[in-house]
Amino acid sequence: MPSPTDIRKVNKDNAPTVRIQHGLKRFLHEEMKSRTFLDCLGESESPSIIRVVPLLLVFTIAQSRCIVVGNIRIVVSGIQQVAFEVFLDGLWKEGNARDNFLPLNPEMPESLDEIDRSLSALQDLLVKLAGVQSRNTETSNEFHAAFVAKGVAEESRNAVSDVREIRYGLELQLAETSAKSSVEGSQGSLVSALLQLGIILGRGADNAREAVREGLWVFLTDSNAYHSYRVLQDLRIINNAAPATEFSRTWMKLHDAAIRQCTELRGQLDAECISLHALLAAAAAVSSSREADAQTNFNTLAAVASFGLGIPALVLALYGADRLLPLDTLPRQFAFLPVAAGLVFAAILAVMRSPTGKRRRVWLLGAASALISALALLIVAGMILPGV
């Protein structure tokens with residue numbers, strides 16, 4: 001099995017090269033500049049055109065969804081030969097529970113098979129995407145790099161809708177678990193899923209923000225185009241470049257479209273982060289409410305138990321146990337009725353204060369069992385206890 005930290009795919013039909021590295025990657029100017037002097041395969045045969053765009057994709061493997069977040073370095077050299085150098089910040093796979101995504105760690109042996117299948121599916125998606133984006137009549141590598149970069153950025157932005165559906169699923173789970181009629185259970189897995197989704201959204205937003213700030217790293221090969229586009233974005237910038245137009249470069253409109261896709265990706269992910277933080281606050285409020293309900297139920301149960309035990313103890317203290325026991329005569333049996341009445345009244349209170357939902361059956365069963373057991377214990381003990 002290929003190592004998950006360095007996967008290469010080269011087809012004989014001149015398909016794009018795909019390299020995938022798992023782990024955080026920070027692009028440095030020196031390393032990026034030196035990469036432009038190499039071709040798609042990383043060899044010093046011809047210089048390359050480079051663009052860096054954020055990656056956010058949601059795809060399905062064996063009926064389980066996977067989410068990948070990172071950056072793609074698009075390298076174009078030769079005659080529109082494309083290489084995708086993918087740097088993954090994280091890879092998440094849907095667990096047994098729906099909408100519960102768990103990170104796949106390449107350092108864990110049990111995750112290697114899942115990572116291998118996920119990365120193979122990611123490779124196929126990128127190869128397919130490059131094939132679709134290569135249908136253009138422009139022959140320059142700059143145009144082709146802008147064309148592919150725009151397509152990848154658009155796919156990442158479109159993936160936000162899939163991530164939003166995941167958030168809706170988690171929101172629905174929170175609503176169901178918050179209902180009083182739902183089964184009592186821990187919300188630990190739901191909160192964990194929300195936190196994992198927050199990491200995904202945060203990483204994606206950071207990558208999109210960095211891509212916009214760096215202008216997709218177009219300045220590596222065309223500094224004038226980079227500064228002209230910066231002036232177009234903000235006319236207050238002071239430099240000698242004229243604002244970029246569609247006539248500045250043949251690929252300027254595609255570059256502008258890619259930047260806009262990244263900007264929209266960042267905005268949507270930031271909005272999703274805000275919604276997710278609201279969900280986490282709601283989950284905390286639901287947890288606090290459940291703790292308050294549990295405390296109230298415990299106090300009610302303690303009060304009922306105290307009432308059920310206190311009345312018999314009071315009656316026995318007033319009459320004296322030696323006058324009531326043993327229960328071998330009819331007057332003593334009638335005198336025992338207040339003791340039994342206290343237990344029955346405590347059971348009625350337990351029924352009236354029982355919670356709603358599926359827990360009500362358990363509560364009622366427990367109250368009935370406690371009443372019957374207490375009465376049986378008192379009666380049997382009273383009948384077999386010898387007189388004092």
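Structure's up top.
First things first, this report covers the structure right here in the doc. Fair warning: this is a prediction, and the values are worked out from it, not measured in the lab. (Residues numbered from 1 in each chain as written. Predicted model: local features only at pLDDT ≥ 70, side-chain atom pairs only at ≥ 80, totals over all residues. Heavy atoms only, no water.)

## Observations regarding the packing of aromatic side chains
- Under the criterion given, the structure shown has five aromatic pairs.
- Look at Phe-143 and Phe-147: their rings are 6.1 Å apart centre to centre, the planes differ by 20 degrees, and that puts the pair in the stacked class. Separated by four residues within a single helix, Phe-143 and Phe-147 lie in helix α3 (residues 141-178), roughly one turn from each other.
- For Phe-143, a relative accessible area of 14% puts it in the buried group.
- Taking NZ or CZ as reference, Arg-51 lies 5.3 Å from the ring centre of Trp-251, over its face. (Phe/Tyr/Trp six-rings, centres within 6.5 Å; stacked < 30°, edge-to-face > 60°. Helix = DSSP H or I, 4+ residues; strand = E, 2+ residues; numbered from the N terminus. Buried < 20%, exposed > 50% of the residue type's maximum accessible area, 1.4 Å probe, protein only. Lys NZ or Arg CZ within 6 Å of the ring centre and 35° of its normal.)

## Details of the pattern of salt bridges
- This structure, assessed with the given rule, holds 17 salt bridges.
- Here Glu-94 ties to Arg-65 by a salt bridge, and the two come within 2.8 Å at their closest N and O atoms. Pair noted here: Glu-94 is in strand β5 (residues 81-94) and Arg-65 is in strand β4 (residues 64-77), with a separation of 29 residues, a long-range link.
- On the basis of relative accessible area, Glu-94 is assigned to the buried category, the value being 6%.
- With a shortest N-O distance of 3.1 Å, Arg-213 and Glu-210 are connected by a salt bridge. Residue Arg-213 and its partner Glu-210 are both found in helix α4 (residues 188-214); the two are separated by three residues, about one turn of the helix.
- We classify Arg-213 as exposed; its relative accessible area is 53%.
- Overall, the relative accessible area of 31% leaves Glu-210 in the partly exposed class. (Salt bridge = Lys/Arg side-chain N within 4 Å of Asp/Glu carboxyl O.)

## Looking at the environment of Leu-24
- Here Leu-24 shows up in the loop between β2 (17-22) and α1 (29-35).
- Given a relative accessible area of 59%, Leu-24 falls into the exposed group.
- Those residues in contact with Leu-24 that sit more than four places away from it in its chain are Leu-88, Asp-89 and Arg-203. (Contact = heavy atoms within 4.5 Å.)

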